[in-house]
Amino acid sequence: MMKNTRNYLGSKLVENGIITERQLEEALVLQEENSKKDGKGLLGQALVQMGYCTEDDIARIMARKTGATFVSLRESPIDMTAANLITPEIANRYNAMPIGFEKNKLLVAMLNPSDIIAVDDLRLITGYDIQPAIVADSELRAAINQFVTSGSIIESEEAAAEEEDADQDMADAASEKPAVQLANQIFNQSVKAGASDVHIEPHEKKLMVRFRIDGVLHEIMQQPSRLHASLVSRIKVMASMDIAERRIPQDGRITMKIDGKTIDVRVASLPTAYGEKLTLRLLNRSDRLITLSELGFPDMQLKKYNDIMRLPYGFVLITGPTGSGKSTTLYATLAKLNSPDKNIITLEDPIERRMDGINQVQASSRAGMTFASGLRSILRNDPDIIMVGEIRDRETARIAVESALTGHFVLSTLHTNNSSGAVTRLADMGVEPYLTASSLVGIIAQRLVRVLCKECKTSYDISRGELIANAPDFPSEHGQESVTLFRPNGCIHCNNTGYRGRKAIYELLVVTEEIQKMILNRSSARDIELKAIDEGMVTLRQDAYKKVKQGITSMEEIVRVIV
C-alpha cells in the first residue's frame, strides 16, 4: 500500500474517532518494523495486530475512498449463483469473489477495487456490469479459499436441456459433465467444511444438498431437479452400487483423495417419493487419533478413568444417544490401551477406523456373524481386551458381562441418557444384577457440544438472578452479582454459525462397593446417581456449565444438547 494511502487511512481513522493520534504513531512504528521483516509493512495490518481497530473499520474507510460498497460477509452470506459465474482460477487470479447482485449489477468483493483492468475482465467474463465491493481482508481470503477448494459448477447447454426419456441408459447419465462436476463439488466442499454427513435429497421441483457440520444440518445448495438422476447415478457408480436398482435401499463405499487427505465415504440410498435420497458418511482416514484430554475429558475424571483402564479385567460402558461421540471415545481408549503385550480384538459394525496393532472384526448379520456369535468366537482367540461396538440384545449383553468376569477387559456402548441409566438398561435386557454388580467397573455418559468460534464469539454479562432463573444449578461464587459468558456471533471463518468444532462433555460413574450393593438391591437409576454424586461424580450438566464458564461453549448450546 502506498504512503499517501497509509496517510489517508490513518487520518480518516483518527477523524472518525476510531483510533487516537497516539495509537496511530505507535502503529506507524510497528508498521516500520514489519516492513523491515517482510517488506510489506501495511498500516492496517499493524493497527489490527495492536488491537486498535478491526478489519471492518479499515474496510469501511477504504470503501469511502474508492467509492466501493462495504459488505460484511458475516451479515450477508455469499450468493453461490453469483459466485459460480466465475471459475476458481479467475477468483485466484484477480483476488476477487462475486458475492451477490445489486440493481442488475454483479457485486464483486475485491482486494483492490481500483483495479480497472480486473473490473473490465470480470465484466467480459460474467456478462454483468461490475459493482466493486470491499470486505475485510481475512473474510475475502477465507471466501476465495473455500471457493477454490470446492470448485465451481458451470452448467453446459446439455445440462440445461430437458431430461431424456425415463428409460435412458443410466450409466451414460452418470458420466455427464454436470453430474461429475456437481459430485466433485459436493465432495470437495463437504471435506473443506468438515462435514460428517452429506444428505442429497430430491424434492418435487429441486434437488437439495445438506451438510451435517458439528452435529447440525445446514442447507448448502439447491440444484435443478433434472440433475438428480445423473448425480445419484454418478455417486452410485463411484460406490460400486447397482445403478439400475432404484426401488430398494443399497449400501456402498468410496475411498478418495481430496487435498492430500484420504477420505472414506459410506453411501446409503433410500427410495423416496421423488427419487433416491443419498446419505454419505465421511471419515477422514488421514486424521490422527484424538486423545481423551483433547476430546474434553476433565482432568479429575480422566485420572479416575486411567485408574479404571489399568484394571486387569472388568466391564466399561460408554453411553449416550446416536452421534454423541461414543465411538471416538472408544477409539481413544483403545489407543491408550494398545501395546505389544496386549491382544486386543474388536467386533464392530461397521469398522469405522482401522488401527495398527489391533485385530478388528466386521460383524455381518447376513453372513451369520452377529455380535453374540462373533463375541463367542473372539473368546476362543485368547483376547486380553475386547471391544464390542454396541450392546444390542440380551445375548450380547450377557456374553460381554460373563467375559469381564472370566478375566477380560471389555469395552462397549449402550444408548442411555445418563450413566446410572445403563445399570437399569442392562437389567431390562435380562442381565442378572449379581452379574452386573460383579463385572461393571465404570460407566461414561457423554454428549458433544459445539465450540464457540474464537474469531467472532462475543462476551456478555448476565445477572446472577437471571442466570439462576434459567439454570438454577449453575455454579456461581457467593456474592457474585453478575457472570461473564460468551455467545455465538457468526463470521466467514465459521460459515456464519458462530461455532467451529466440537468437544465432549463427560460424566464418569465409578462402580464402588456401595454402588455394587445398590445394583444388587435393584435400586433405581436416580438413587444410584445421587450416591455417585455423593462420592464425587461430576454430572453431565456440571461439566457442561464448567465449559460455559470457560468460554468454550454457550448456554444456548447446552440447552440444545442436554435435557
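Definitions and limits used
Residues numbered from 1 in each chain as written. Predicted model: local features only at pLDDT ≥ 70, side-chain atom pairs only at ≥ 80, totals over all residues. Heavy atoms only, no water. Helix = DSSP H or I, 4+ residues; strand = E, 2+ residues; numbered from the N terminus. Buried < 20%, exposed > 50% of the residue type's maximum accessible area, 1.4 Å probe, protein only. UniProt positions renumbered as here; feature names shortened; annotations may be inferred. Salt bridge = Lys/Arg side-chain N within 4 Å of Asp/Glu carboxyl O. Axes fitted to C-alpha atoms, helices over the stretch in contact; angles between N-to-C directions. Parallel < 35°, antiparallel > 145°, perpendicular 65-115°, else oblique. Contact = heavy atoms within 4.5 Å. Nonpolar A, V, L, I, M, F, W, Y, C, P; charged D, E, K, R; others polar. Pairing = 2+ DSSP bridges.

### Some details on the environment of Glu 75
Turning to step 1, where the next piece is worked out: Its place among the elements puts Glu 75 in the loop between strand E1 (69-70) and helix H5 (80-83).
Turning to step 2, where the next piece is worked out: Of the residues examined, Glu 75 reaches a relative accessible area of 66% and is grouped as exposed.
Turning to step 3, where the next piece is worked out: In the structure, Glu 75 is positioned 60 residues away from Val 135 in sequence and 11 Å away in space, judged by C-alpha atoms.

### Side note on the UniProt feature "domain: Bacterial type II secretion system protein E" (unreviewed entry) in the chain
Turning to step 1, where the next piece is worked out: UniProt feature "domain: Bacterial type II secretion system protein E" (unreviewed entry): in the numbering of this structure it lies at residues 379-393.
Turning to step 2, where the next piece is worked out: Counting secondary structure, residues 379-393 comes out at 7% helix and 27% strand; the distance between its end C-alpha atoms is 18 Å.

### Focus on the pattern of salt bridges
Turning to step 1, where the next piece is worked out: Within the structure shown, the criterion is met by 21 salt bridges.
Turning to step 2, where the next piece is worked out: The salt bridge involving Glu 201 is made with Arg 210; its shortest N-O contact spans 2.8 Å.
Turning to step 3, where the next piece is worked out: For Glu 201, a relative accessible area of 10% translates into the label buried.
Turning to step 4, where the next piece is worked out: Between Glu 245 and Arg 247 there is a salt bridge; the shortest N-O distance is 3.5 Å.
Turning to step 5, where the next piece is worked out: Taken together, the shared-partner salt bridges in this structure form one network comprising Glu 201, Arg 210 and Lys 277.

### With respect to the packing of helix H21 (residues 513-520) against helix H22 (residues 525-534)
Turning to step 1, where the next piece is worked out: H22 packs onto H21 with a crossing angle of 175° between their chain directions and a minimal axis gap of 10 Å. Classified by the interaxial angle, the pair formed by H21 and H22 is roughly antiparallel. Facing Glu 514, Ile 515, Met 518 and Ile 519 of H21, the residues of H22 in contact are Asp 527, Ile 528, Lys 531 and Ala 532.
Turning to step 2, where the next piece is worked out: By residue class, the composition of the contact of H21 with H22 is five nonpolar, no polar and three charged.

### Quick look at the sheet that holds strand E4 (residues 130-134)
Turning to step 1, where the next piece is worked out: What the four strands build is an open sheet, ordered E1-E4-E3-E2; its pairing is mixed. Looking along the sheet, the strands with just one partner apiece sit at the ends: E1 and strand E2 (96-102).
Turning to step 2, where the next piece is worked out: Alignment of E2 against strand E3 (residues 105-110), held across six bridges, turns out to be antiparallel. By the bridge assignment for E3, Met 97 is matched with Ala 109.

### Quick word on unusual backbone geometry
Turning to step 1, where the next piece is worked out: The omega torsion across Asp 349 and Pro 350 is -5°, close enough to zero to call that bond cis.
Turning to step 2, where the next piece is worked out: Mapped onto the elements, Pro 350 comes out in the loop between strand E12 (344-348) and strand E13 (359-362).
Turning to step 3, where the next piece is worked out: With a phi angle near 50°, Asn 95 is a residue other than glycine that sits in the positive phi range.
Turning to step 4, where the next piece is worked out: Residue placement: Asn 95 occurs in the loop between helix H6 (88-94) and E2.
Turning to step 5, where the next piece is worked out: By relative accessible area, Asn 95 is classed as partly exposed at 35%.

### A look at the pairing of strand E5 (residues 197-202)
Turning to step 1, where the next piece is worked out: Summarising burial for E5: six of the six residues are buried, a large majority.
Turning to step 2, where the next piece is worked out: Burial along E5 is two-sided: the residues Asp 197, His 199 and Glu 201 and Val 198, Ile 200 and Pro 202 are all buried.
Turning to step 3, where the next piece is worked out: Bridge analysis of E5 against strand E6 (residues 206-213) gives six bridges, and the strand direction is antiparallel. Within the sheet, the bridge partner assigned to His 199 lies in E6 and is Arg 210.
Turning to step 4, where the next piece is worked out: Taking the residues between adjacent antiparallel strands as the criterion, E5 and E6 are bridged by three residues.
Turning to step 5, where the next piece is worked out: Across four bridges, E5 lies against strand E10 (residues 275-284) in antiparallel orientation. In the sheet register, Asp 197 faces E10, and the bridge partner there is Arg 281.

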